[in-house]
Structure formats: C-alpha cells, structure tokens
Amino acid sequence: MKIITIVTGGLQENAYIAYDEATNNAVIIDPGDDSAVILEKVRALGLQVQYILLTHGHADHIGGVDELKESLNCKVAIHEDDAEMLRVPMKNLSYFMGSPVSLSAADVVLKNGETVDVDSMHFLVLHTPGHSQGSVCYIAGDVIFSGDTLFAQSIGRTDFPDSSPQAMQESLARLAGLEGDYTVYPGHGAATTLQREKAYNPFMRE
C-alpha cells in the first residue's frame, strides 16, 4: 500500500490517498478541502478511487467530499454515529465557521469491526468515539489512520457538543491495547508510531 499525504485547508488537515500499487485502485481518507489538488494527484497517478473513507464528520475533514465523489464516481463511507453530520452544518460545525457545509448522504454507513476491502488493502473500522460520537480509526496492515483521535504527542479536542473526554480515554485505551507497532497517520500534524505514543504521549499514559 502506497500512501500520499496532502495537507488541506486553513486548519492544515491531512487528507490521504492510499492505493494498491499493483492495480492502482485507491481510497481517499478525509478530503477536508482543496479537492482540486487531490483530484489532480489522483489523475496524475492514474488511480481509480473506489471509496472516500471518513474518520469523522467535522467540516475540516469532509469539505472536499462531494466534488471528489462527483468527479471520481466513488462511494463515501462514514461511521453510523457521524452519518448525519454530512448533511447538518450545525453538527459538522461548519455553521459556526461561517461557511455552512451540507453534503450528500453517505453511500456506506459503517459499524465497528467491519472491513472496507480494496484489492490488497483491508481497512478495519475501529470505533474510537471521543472527538466525535462516530470517530473511527482505520487499521490497514501496520498502518493506522487515526483521524482526530490520536496525534503525535497529543489528541483531538473533546470540548465540542458531540465530544466526550471519558469516551476519548476509553478509545485511547483501546489503541494502547493493540499488539505490535503501527505507523500512525493522524488528521493533523506529523505521522508517528503507536509505540512512540504509548511511551511519550501524556494522554495515553493517563
């Protein structure tokens, strides 16, 4: 699996393109903004995008979804607890940013433990509420796309209306309980590893 990071929007959100190098079939994870930049990269590589996978429904992670879906004819997937956020600006917080975002409904509504399969890539859905009720991490091989659950040396905010500090701690404990090591690709900031965060992230050591 090849992974490309594209930093999007004013909040410097990480969008990811992950693709099977043998087939060029791909997924896009959290296209928060700058859909034209993402689309240009997809087309330059000759990729066939099968899914847009969303780690959660906040506006800075979903802003480019509809344009990419229309251009690429792919399916959009999000956890069931955040599905309504795609359509409701007050829930996805865009209303409070002054640029309301209301998108099409998701094509695929995910549950914990399900897997999204694209050739050799298998994205396991790990429900990690806290930042939002329907936040998930996608685990694919030795990689975790952690959204706004886990950052390098930090975690996502838990002071939004649909956030829960207690749920976040339970989700971090689930991640800490995973065996082995993983490269972690977060929703903002630099990539890290799960072992590094277990050792040095103060929020994972509480």
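Just so you know, these numbers come straight off a predicted model, no measurement behind them.

What about the overall build of the protein?
Phase 1: From N to C terminus, the protein includes seven helices and 14 strands.
Phase 2: In terms of overall dimensions, the protein is globule-like: its C-alpha atoms have a radius of gyration of 16 Å, near the 17 Å expected for 206 residues.
Phase 3: Contacts spanning at least 24 positions in sequence make up 58% of the contacts within the protein whose residues lie at least 6 apart.
Phase 4: Carbon and sulfur atoms make up 47% of the accessible area of the protein, which amounts to about 9,100 Å² in all.
Phase 5: On the protein, the mean spot of the 13 positive side-chain charges and the mean spot of the 28 negative ones are 1 Å from each other.

Quick look at the pairing of strand β4 (residues 48–53)
Phase 1: The pairing of strand β3 (residues 25–29) with β4 spans five bridges and is classified as parallel. The residue of β4 that forms the bridge with Ile29 is Leu53.
Phase 2: Traced from β3 through helix α1 (residues 35–45) to β4, the parallel crossover comes out right-handed.
Phase 3: The pairing of β4 with strand β5 (residues 75–79) spans three bridges and is parallel. When the sheet's bridge partners are listed, Leu53 is paired in β5 with Ala77.

Notes on the UniProt feature "domain: Metallo-beta-lactamase" (unreviewed entry) in the protein
Phase 1: Mapped onto this numbering, the UniProt entry annotates "domain: Metallo-beta-lactamase" (unreviewed entry) at residues 12–188.
Phase 2: Here residues 12–188 is 24% helix and 31% strand, with 6 Å between the C-alpha atoms at its ends.

Here's the deal with the packing of aromatic side chains
Phase 1: All chains considered together, the criterion is met by four aromatic pairs.
Phase 2: Each ring, one from Tyr16 and one from Tyr185, has its centre 5.5 Å from the other, and the planes form 75 degrees; the classification is edge-to-face. Highlighted residues: Tyr16 in strand β2 (residues 13–19) and Tyr185 in strand β13 (residues 183–186), separated in sequence by 169 residues.
Phase 3: Judged by its relative accessible area of 3%, Tyr16 falls in the buried class.
Phase 4: Ring-pair connections join several aromatic residues into one group, and the members of that group are Tyr16, Phe123, Phe145 and Tyr185.

Focus: the sheet that holds strand β10 (residues 143–147)
Phase 1: As summarised here, the arrangement of the six strands in space is β7-β8-β9-β10-β13-β14, forming an open sheet in which the pairing is mixed. Single-partner strands in this sheet number two, and they are β7 (115–118) and β14 (192–193).
Phase 2: Pairing between β7 and strand β8 (residues 121–127): four bridges, direction antiparallel. Opposite Val118, over in β8, you have Met121 as the bridge partner.

Observations regarding helix α6 (residues 165–176)
Phase 1: Compared with the 16 Å implied by 1.5 Å per residue over twelve residues, the 16 Å span of α6 between its first and last C-alpha is a close match.
Phase 2: Every buried residue belonging to α6 is among Ala167, Met168, Ser171, Leu172 and Leu175, and all of these are buried. Down the axis of α6, the buried set is contained in an arc of 140 degrees. They therefore lie on one face.

Considering the pattern of salt bridges
Two side chains carrying opposite charge are able to pair once their charged atoms lie near each other.
Phase 1: Applying the stated criterion across every chain yields a total of two salt bridges.
Phase 2: Notably, a salt bridge pairs Lys69 with Asp107, separated by 3.1 Å at the nearest N-O pair. Linking Lys69 in helix α3 (residues 65–72) with Asp107 in the loop between α5 (94–97) and β6 (108–110), this pair joins segments that are 38 residues apart in sequence.
Phase 3: Since its relative accessible area comes to 40%, Asp107 is described here as partly exposed.
Phase 4: Across the pair Arg157 and Asp159 runs a salt bridge whose closest N-O atoms are separated by 3.0 Å.
Phase 5: Overall, Arg157 belongs to the partly exposed group, its relative accessible area being 47%.
Phase 6: Residue class for Asp159 comes out exposed when judged on its relative accessible area of 52%.

Observations concerning unusual backbone geometry
Phase 1: For Gln12, which is not glycine, the phi torsion reads 55 degrees and is therefore positive.
Phase 2: One can find Gln12 in the loop between β1 (2–8) and β2.
Phase 3: With a relative accessible area of 48%, Gln12 lands in the partly exposed category.
Phase 4: One non-glycine residue, Gln153, lies in the positive phi region at around 65 degrees.

What counts as what
- Residues numbered from 1 in each chain as written.
- Predicted model: local features only at pLDDT ≥ 70, side-chain atom pairs only at ≥ 80, totals over all residues.
- Heavy atoms only, no water.
- Helix = DSSP H or I, 4+ residues; strand = E, 2+ residues; numbered from the N terminus.
- Rg over C-alpha atoms; globule rule 2.2 N^0.38 Å.
- Contact = heavy atoms within 4.5 Å.
- Areas by Shrake-Rupley, 256 points an atom, 1.4 Å probe, with all protein chains shown as cover.
- Lys, Arg positive; Asp, Glu negative; His and termini not counted.
- Charge placed at Lys NZ, Arg CZ, Asp CG, Glu CD.
- Pairing = 2+ DSSP bridges.
- Right-handed = clockwise from strand over helix to strand, strands pointing away.
- UniProt positions renumbered as here; feature names shortened; annotations may be inferred.
- Phe/Tyr/Trp six-rings, centres within 6.5 Å; stacked < 30°, edge-to-face > 60°.
- Buried < 20%, exposed > 50% of the residue type's maximum accessible area, 1.4 Å probe, protein only.
- Expected span 1.5 Å × (residues − 1).
- Arc of directions from axis to C-beta.
- Salt bridge = Lys/Arg side-chain N within 4 Å of Asp/Glu carboxyl O.

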